[in-house]
Amino acid sequence: MLMKKKSIIGLFLFPIHNNVIFFVFIYLLGVVNSLIEFYVLGYKFSLFIFLSQILDVYLMCLFIILFPNKIRKYIRWLFSTFLYVLSIVNIFCVEKFRAKLGPEIFNVIIETNSQEASEFWDKYVGYDIIVSNVCLIFLLLFLHIFISLREKSHTQMLLYPLNSKRSLSLSMFQLLFLFFIVACCTCSLSSRINLIRLLLAPDISSLDQYVDNKTLNTPLNNFAFSFKMHQLSVSGLNVLVKSQEIIQIDNCSYHCDNVVLIIGESYIRAHSQLYGYNKKTTPRQVARTMNNCNGRLVVYEDVISPSNLTSTVFKNVFSLHSVEDTANWEKYPLFPVVFRKAGYNVTFITNQFVKSLSTDVFNFSGGLFLNDSRLSQLQFDHRNNCSHRYDEDLLEDYDSLRNYNNDHNLIIFHLAGQHFDFFKRSPNTYKIFNADDYLERANLDNVERQLVADYDNATYYNDYVVDEIIRRFENENSIVIYMPDHGEECYDEIHRMGRMPSGYYSAEMARQEFRIPFWIWCSDKFSKKNPSLLELILNSKRRPFMTDDLPHVLLFLAGISCQYYNDEKNVLSNNFNSNRVRLIEGKVDYDELIK
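Note that the structure is predicted; figures quoted are calculated from it, not measured. Residue positions are counted from 1 within each chain, in the order its sequence is given. pLDDT decides what is reported in this predicted model: residues at 70 or higher carry local features, side-chain atom pairs at 80 or more are listed and counted, and totals for whole chains, interfaces and linings draw on all residues regardless. Only hydrogens and water are set aside; all other atoms, that is, all heavy atoms of the structure, feed into the side-chain values.

Participant: I would appreciate a short explanation of unusual backbone geometry in the present structure.
Facilitator: Most peptide bonds adopt trans geometry, and most residues besides glycine take a negative phi value. A cis amide bond, omega 10 degrees, links Phe420 with the succeeding residue Asp421. Secondary structure elements are defined from DSSP: runs of H or I of at least 4 residues count as helices, runs of E of at least 2 residues count as strands, and each element is numbered from the N terminus. Turning to its location among the elements, Asp421 is positioned in the loop between β7 (409-414) and α17 (446-471). One non-glycine residue, Tyr254, adopts positive backbone phi at about 50 degrees. Looking at the secondary structure, you find Tyr254 in the loop between β1 (251-252) and β2 (258-264). With phi around 55 degrees, Glu585 is a residue other than glycine that occupies positive phi space. You can see Glu585 is positioned in the loop between β14 (583-584) and β15 (588-589).

Here you go:
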């Protein structure tokens, strides 16, 4: 019985035993990568990453033993060479650009020609790299080579006969080690299933729900994701570009000179003073709801986001594609392209989707259609070229481009808003709340109360930035629409901070993460010139709306007529379909969920 048990253990451990040096060093390679990323990028330490990497290396060893014994060493050298190169590139990017190897960097590498590569080498590769954390990867590589070259043939330890205390002790060690391997495999199984689903995704839109730090926790997994993203993006973007080129405009009545869209970030409606919050987080916006103010701000009562992920929201909001449409997203026009073809000057000012090597992987697929050179030229006449620590610096970006405005303009502001880390979203002069202001929240400890204070400070600062944007259009025939991409959790209905991944839905989660503030501000000149439009806005503020249909509202306000406009999707229209099923993440009926 003991011999049978030993044979089973030996069978499971054989992939490691047959590739023991490879297993140890490739695992150490993953550990060193993760530790450097934790240290340089300031990531939160996660034991899960080190456990899940054991499964990755075990699967590599399992793959290697599928080959005949005489060529296994060549497969090991091939794997090792590839992984060390990936690690060197990854740590180089971490050191130089403060970004892991990801889709944006992968695309840069793919598109770089020999001259650019030579210039890059001259600029970035020098002595400082040799003495940086990259040298740790080289040291590990040299040690791996040295030990591999000194490896001698040895007895198959796992097959020792059980006739001595030594073999019995070894068997017990092997059994414990096997349990450890199984435990590591179990704890990381879901993330590896996610990785498989990601690699099998049929289009870019399907990738978002599988992208997280647990799935993309090694340079190899990031490389696989980047390759898949590049593969899908090339085909998807080609279709999207062709869809924009055939857009035709019937006519345009130009209802206003400036159509302004402000897109916020991670804004919890329950933390807005506009919606009854007991802290004065939006005093400037509240003042603009008064009739005696210059212009009129109309607050909408029932608006939700189609997703709680920025990239997915942007794809839905920028396209005339609706969540329930069966045709592929890439076959629909993007509303900035429609505006440009109608004669509007289009300006895009963003604090997140600036083209950069450090683009967040969670935002990459959303930024892809904004930063692709062909689509950027089709959508925008002007845009800013750098991000800022604080959103108010975007005002200076816009002011520098303001002279390019013509008679009719579409201006899109994309803020960092209340994106985590909340403390970093507002300068010290706007930190008016602290933990002591939330002592009535007995269910929170002091650290949690301070996080709520940080969030409300970010909301208060956001109120200032938004108000400053409006001020730039007060004396013109202008309309301003404000919406955030999605909501957030900040210890309100659920004792949790952040957002839940796709696949988990509850009424409490939906109210915090999908229900968002939404308002339309009309200047005095716009109201006097378009009294019928103002009346439609006032009459529509209680209608249920989802922001994937925002382009239809924008086209209507701009006076643009084309075949893509649908009156039933325009919340301002008397023909608006108030009975539409609002599917969050394209799956769950929001209104049924929150009943």
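Back to the write-up after that little detour.
Participant: Help me out: how do you make sense of the side chain of Arg269 in this one?
Facilitator: When you line up the elements, Arg269 lands in the loop between β2 and α11 (283-288). Here Arg269 sits buried without a salt bridge, and the closest side chain of opposite charge, Asp302, lies 5.9 Å off (N-O distance). We call two residues in contact whenever any of their non-hydrogen atoms come within 4.5 Å of each other. Excluding residues that lie within four positions of it along the chain, Arg269 makes contacts with Tyr275, Glu301, Asp302, Arg515, Ile516 and Pro517. When a residue's accessible area, from a 1.4 Å probe over protein chains only, is under 20% of the maximum for its type it is buried; when over 50% it is exposed; and in between it is partly exposed. Positive charges come from Lys and Arg, negative ones from Asp and Glu, while His and the chain ends are left out of the count. Any Lys or Arg side-chain nitrogen found within 4 Å of a carboxyl oxygen on Asp or Glu counts as a salt bridge.

Participant: Help me understand the environment of Glu568 in this model?
Facilitator: With respect to the helices and strands, Glu568 occurs in the loop between β13 (560-561) and β14. With relative accessibility at 46%, the residue Glu568 sits in the partly exposed group. In sequence terms Glu568 and Arg580 are 12 residues apart; their C-alpha atoms lie 9.3 Å from each other. When neighbours within four sequence positions are excluded, Glu568 is seen to be in contact with Asn575, Phe576 and Asn577.

Participant: Explanation requested: helix α4 (residues 69-97) in the structure shown.
Facilitator: An α-helical turn contains 3.6 residues, so a residue and the one three or four places further along point in the same direction. Here α4 is 29 residues long and its end C-alpha atoms lie 42 Å apart, about the 42 Å a rise of 1.5 Å per residue gives. Arg98 occupies a position one or two residues after α4 and carries a positive phi of about 55 degrees. Helix span, as expected, comes to 1.5 Å for every residue beyond the first.

Participant: How should the sheet that holds β7 be read in this particular structure?
Facilitator: Within a sheet, neighbouring strands are paired by backbone hydrogen bonds and run either parallel or antiparallel to one another. Here we have seven strands laid out as an open sheet, ordered β3-β11-β8-β2-β7-β5-β6, and mixed in their pairing. Of all the strands in the sheet, just β3 (296-299) and β6 (382-383) have a single pairing partner and so form its edges. Strands are treated as partners if at least two bridges between them are detected by DSSP. As judged from the two bridges shared by strand β5 (residues 345-350) and β6, these two strands associate in the parallel manner. Considered in β6, the bridge of Thr347 is made with His382. Together, β2 and β8 (478-484) form the strand contacts of helix α21 (residues 550-558), whose direction differs from that of β8 by roughly 175 degrees. Simply put, an axis is a line fit to the C-alpha atoms, just over the touching stretch for a helix, and the angle between two N-to-C directions goes from 0 to 180 degrees.

Participant: Please clarify how the confidence of the model for the protein chain should be interpreted in this entry.
Facilitator: Note: pLDDT gives the predictor's confidence per residue, expressed from 0 to 100. In this model, the protein chain carries a mean pLDDT of 86, and residues with pLDDT of at least 70 account for 82%. For the stretch residues 1-5, pLDDT sits under 50, and the model shows three contacts to residues farther than four places along the chain or on other chains. Taken as a whole, residues 153-166 scores under 50 in pLDDT and shows 27 contacts with residues more than four places along the chain or in a different chain.

Participant: When you look at a nonpolar patch on the surface in this model, what are you seeing that I'm missing?
Facilitator: Exposure above 30% relative accessible area and the lack of any salt bridge qualify a residue for a patch; like charges then connect within 9 Å, and the nonpolar side chains Val, Leu, Ile, Met, Phe, Trp and Tyr within 5 Å. The method behind every accessible area is Shrake-Rupley, applied with a 1.4 Å probe, and residues are considered shielded solely by the protein chains displayed. Nonpolar side chains collect at one region of the surface, where Leu136, Phe138, Leu139 and Phe142 lie side by side and expose about 390 Å² of accessible area between them. Relative to the assigned elements, Phe138 resides in helix α8 (residues 134-149). Its relative accessible area of 33% is what places Phe138 among the partly exposed residues.

Participant: Explain the packing of helix α2 (residues 20-41) against helix α3 (residues 47-64) here, please?
Facilitator: Two quantities define a packed helix pair, namely the angle between the helix axes and the distance between the axes. Where α2 contacts α3, the two axes come as close as 9 Å, and the packing angle between them is 150 degrees. In this structure, α2 meets α3 at a crossing whose hand is right-handed. Of α3, the residues touching α2 (which contributes Phe22, Phe23, Ile26, Tyr27, Gly30, Val31, Ser34, Leu35 and Phe38) are Ile49, Phe50, Gln53, Ile54, Val57, Tyr58, Met60, Cys61 and Ile64. Three classes are used, and their members are as follows: Ala, Val, Leu, Ile, Met, Phe, Trp, Tyr, Cys and Pro are nonpolar, Asp, Glu, Lys and Arg are charged, and the others, Gly among them, are polar. Looking at the contact of α2 with α3, its residues break down into 15 nonpolar, three polar and no charged. Crossing handedness is read from the near helix: turned anticlockwise from the far helix by less than a right angle, it gives a left-handed crossing, and turned clockwise, a right-handed one.

Participant: What's the story with the packing of aromatic side chains in this structure? I'm lost.
Facilitator: The way to describe two aromatic rings as a pair is by their centre distance and the angle between their planes. By convention, a stacked pair of Phe, Tyr or Trp rings (six-membered ring in the case of Trp) has centres within 6.5 Å and planes under 30 degrees apart, an edge-to-face pair has planes over 60 apart, and any other such pair is tilted. A full pass over the atoms with the stated rule returns 30 aromatic pairs. Pairing Tyr300 with Phe518 gives two aromatic rings, centres 5.3 Å apart and planes at 85 degrees, and the pair type is edge-to-face. Remark: Phe518 occurs in the loop between α18 (507-513) and β11 (519-522) and Tyr300 occurs in the loop between β3 and β4 (303-304); sequence separation between them is 218 residues. Seen from their ring centres, Tyr430 and Tyr461 are 5.2 Å apart, and the 65 degrees between their planes marks the pair as edge-to-face. Here Tyr430, found in the loop between β7 and α17, pairs with Tyr461, found in helix α17; they are 31 residues apart in sequence, far enough to count as distant. We note that Tyr430, like Tyr461, is buried. Members of the aromatic cluster, connected to one another through ring pairs, are Tyr254, Phe314, Phe318, Trp329, Phe335, Phe339, Tyr344, Phe348, Phe353, Phe369 and Phe380. The cationic tip of Lys315 hangs over the ring face of Trp329; the distance from NZ or CZ to the ring centre is 6.0 Å. Above the plane of the ring of Phe423 lies Lys431, whose end atom (NZ or CZ) is 4.1 Å from the centre. Look at NZ for Lys and CZ for Arg. If either is within 6 Å of the ring centre and within 35 degrees of the ring normal, a charge sits over the ring.

Participant: Please clarify how the nonpolar core should be interpreted in this entry.
Facilitator: A general tendency of soluble globular proteins is for nonpolar side chains to be buried together. Think of a nonpolar core as a cluster: buried Ala, Val, Leu, Ile, Met, Phe, Trp, Tyr and Cys residues, connected wherever their side-chain atoms sit within 4.5 Å. Membership of the largest hydrophobic core comes to 65 residues, with the highest contact counts inside it found for Phe318, Phe339, Phe369 and Ile537. For this core, the element with the highest residue contribution is α21, accounting for six residues. With 41 residues, the next largest nonpolar core counts Tyr267, Tyr398, Tyr460 and Tyr464 among its residues.

Participant: Explain the pairing of β11 to me, please; I cannot follow it from the model alone.
Facilitator: A regular strand places its side chains on the two faces of the sheet in alternate fashion. Burial along β11 is two-sided: the residues Trp519 and Trp521 and Ile520 and Cys522 are all buried. In this sheet, β11 lies alongside β3 in antiparallel orientation, the contact comprising four bridges. Among the inter-strand pairings, Val299 is bridged to a residue of β11, identified as Trp519. By the bridge criterion, four bridges tie β8 to β11 in an arrangement that is antiparallel. When the bridges of β11 are listed, Tyr482 appears paired with Trp519.

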